[in-house]
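# Descriptive analysis of the structure
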Amino acid sequence: MTTSLEFGLDTFGDVTKDAAGAPLPHAQVIRNVVDEAVLADQLGIDFIGLGEHHRADFAISSPETVLAAIAARTSTIRLGSAVTVLSSDDPIRVFQRFATVDAVSNGRAEVILGRGSFTESFPLFGFDLRQYSELFEEKLDLFTELLKQEPVTWQGKLRPPLNNQSVYPPIEHGRLKTWIGVGGSPESVVRAARYDLPLMLAIIGGDPKRFAPYVELHQRAYQQLGREPKPIGVHSPGYVAETDVQAREELWPDYKVMRDRIGKERGWPPMSRDEFVQEAEHGSLYVGAPETVARKIAATVTALGIARFQLKYSAGPLPHERLMTSIELYGRKVVPMVRDMLAA
């Protein structure tokens, strides 16, 4: 497990603050994200994922465009989404855009497809939220046909059919690595197995071990299908500083801003400091000194048998300079520590 375990970073391009505490322009946030990815590449981190959002507090609405910019300045890090909201996009255009990123990066593109926990893209692009599940199911079905890289003949209910249609550009070598992002739905776990795609679990709260039944369900589904299971990854938020106290004190104010802003939209109460500490100590918030974060990641890897861990390193207005320090500690200290712990 230790030799195959991959380490990634995720960001939604959270709009951060300048030195005076004012929000940075979206354009500057995007440029900062590119710099963060370049640092991750220099540190040997395996993957960088960019989320797709269409709202004021997140700067990235077109992950593929930013990934192409990152590709031009990096050499080894794999480049993907976190996630692409397939339900409100066109599967052919998604495939074409990631095939293009794959070309400019010399084969480093990945895509994580999901239904999205944010729904602002549906009215923006003219989709009916009442078809939330139906849209994803049908578009995923078409996307998996595109992965075969053969002329496509396909018919659904929500878009015109395709008859022996080729899609360009093709992937130069192999096929586009495609994950299914899942937030906690058993149906989504089984769907990933049915389409024979790796599973990325978004664990953003509570004890990670509570997702063990989903891992077992994934394995049972593959057994019933008579196939070898595809890998499972985990995406969770976190922040690394030199000490546990420093990490919590630096993260807490900005994490609360983000959590309360989203929580207000969803009917959640404001986050208390006790809740924050509970998540840091026993939940899915990987915050602390390198050894603390490493121990927690190693425990999750062991409990769930995952092949990749992705740290969502941005959190609300937390400044770019602190994010760069956290990335540095993650790459230089946390990742080697986890490998050593799992090898022991």
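That block above? That's the structure.
In this text the structure is predicted, and so the values were computed from the model without any measurement. (Residues numbered from 1 in each chain as written. Predicted model: local features only at pLDDT ≥ 70, side-chain atom pairs only at ≥ 80, totals over all residues. Heavy atoms only, no water.)

Taken together, the buried positions of helix α9 (residues 273-282) are occupied by F276, E279 and A280. Down the axis of α9, the smallest arc covering the buried residues is 100 degrees, so these residues share one side. Contacts from the buried residues of α9 go to α8 (244-266), β11 (286-288) and α10 (290-304). (Buried < 20%, exposed > 50% of the residue type's maximum accessible area, 1.4 Å probe, protein only. Helix = DSSP H or I, 4+ residues; strand = E, 2+ residues; numbered from the N terminus. Arc of directions from axis to C-beta. Contact = heavy atoms within 4.5 Å.)

Moving on to the environment of T65. Residue position: T65 is located in helix α2 (residues 63-73). Only 2.6 Å separates the side chain of T65 from the side chain of S62, close enough to count as a polar contact. (Polar contact = N/O pair within 3.5 Å; in protein donor to acceptor, adjacent residues only side chain to side chain.)

Another aspect to go through is the pattern of salt bridges. Going through the model one piece at a time under the given rule, you end up with 26 salt bridges. Here R55 ties to E265 by a salt bridge, and the two come within 2.7 Å at their closest N and O atoms. Taken together, the residues span a long stretch of sequence, with R55 in the loop between β2 (47-50) and α2 and E265 in helix α8 at a distance of 210 residues. You can call R55 buried: its relative accessible area is 17%. Here R97 makes a salt bridge to D89, at a shortest N to O gap of 2.5 Å. Look at R97 and you get partly exposed, because its relative accessible area is 24%. When salt bridges that share partners are traced, they join E6, R78, E110 and R308 into one network. (Salt bridge = Lys/Arg side-chain N within 4 Å of Asp/Glu carboxyl O.)

This next bit is on the packing of α2 against helix α3 (residues 91-104). Running from amino to carboxyl end, α2 crosses α3 at an angle of 5 degrees, the nearest separation of the two axes being 9 Å. The angle between α2 and α3 falls in the class roughly parallel. In this structure, α2 uses E64, L67, A68 and A71 to contact α3, whose residues at the interface are R97, F98, V101 and V104. Grouping the amino acids of the contact of α2 with α3 by side-chain chemistry returns six nonpolar, no polar and two charged. (Axes fitted to C-alpha atoms, helices over the stretch in contact; angles between N-to-C directions. Parallel < 35°, antiparallel > 145°, perpendicular 65-115°, else oblique. Nonpolar A, V, L, I, M, F, W, Y, C, P; charged D, E, K, R; others polar.)

Okay, the packing of α8 against α9 next. Two elements in contact, α8 and α9, have axes separated by 11 Å at closest approach and are oriented at 115 degrees. Overall, the two elements α8 and α9 adopt an arrangement that is roughly perpendicular. Viewed along their axes, α8 and α9 form a crossing whose handedness is right-handed. Packed against α8, whose contacting residues are R248, E249, L251, W252, Y255 and R259, the element α9 presents R273, E275, F276, V277, A280 and E281 at the interface. Residue classes in the contact of α8 with α9 are distributed as six nonpolar, no polar and six charged. (Left-handed = near helix turned anticlockwise from the far one by under 90°.)

Here we take up the pairing of strand β1 (residues 6-11). Most of β1 is tucked away: five of the six residues are buried. Of the strand pairs in this sheet, β1 and strand β12 (residues 308-312) are connected by five bridges, and their pairing is parallel. From the neighbouring strand, F7 faces β12, where its bridge partner is F309. Where β1 meets β2, four bridges bridge the pair, whose relative direction is parallel. Among the inter-strand pairings, L9 is bridged to a residue of β2, identified as I48. Following the chain from β1 across helix α1 (residues 26-42) to the adjacent parallel β2, one finds a crossover that is right-handed. (Pairing = 2+ DSSP bridges. Right-handed = clockwise from strand over helix to strand, strands pointing away.)

With respect to the element layout, H320 can be found in helix α11 (residues 320-343). Leaving out residues up to four positions away in the same chain, H320 has contacts with T16, N32, D35 and E36.

What follows is about the packing of aromatic side chains. In this description, a pair of aromatic rings is defined by centroid distance and the angle of the planes. Tallied over the entire structure, the rule returns eight aromatic pairs. An angle of 35 degrees between the planes, with centres 5.7 Å apart, marks the rings of F122 and Y132 as tilted. Of this pair, F122 sits in helix α4 (residues 121-125) while Y132 sits in helix α5 (residues 132-146), and the two are 10 residues apart along the sequence. On the basis of relative accessibility, which here comes to 0%, the residue F122 falls in the buried class. By relative accessible area, which is 23% here, Y132 ends up partly exposed. With 5.9 Å between their ring centres and 55 degrees between their planes, Y255 and F276 make a pair best called tilted. A residue pair is termed long-range when its members are at least 10 positions apart, and Y255 in helix α8 and F276 in helix α9 qualify at 21 residues. (Phe/Tyr/Trp six-rings, centres within 6.5 Å; stacked < 30°, edge-to-face > 60°.)

What follows covers unusual backbone geometry. Here the residue pair A82 and V83 is connected by a cis peptide bond, since its omega of 5 degrees sits within 30 degrees of zero. Position of V83 among the secondary structure elements: in the loop between β3 (78-81) and β4 (84-85). Geometrically, the link from Y168 to P169 is a cis peptide bond, its omega value of 0 degrees lying close to zero. Within the element layout of this structure, P169 appears in the loop between β7 (162-165) and β8 (177-182). Notably, Q149 is not glycine yet its phi reads approximately 55 degrees, a positive angle.

None of the figures reported here should be taken as evidence of function without further support.
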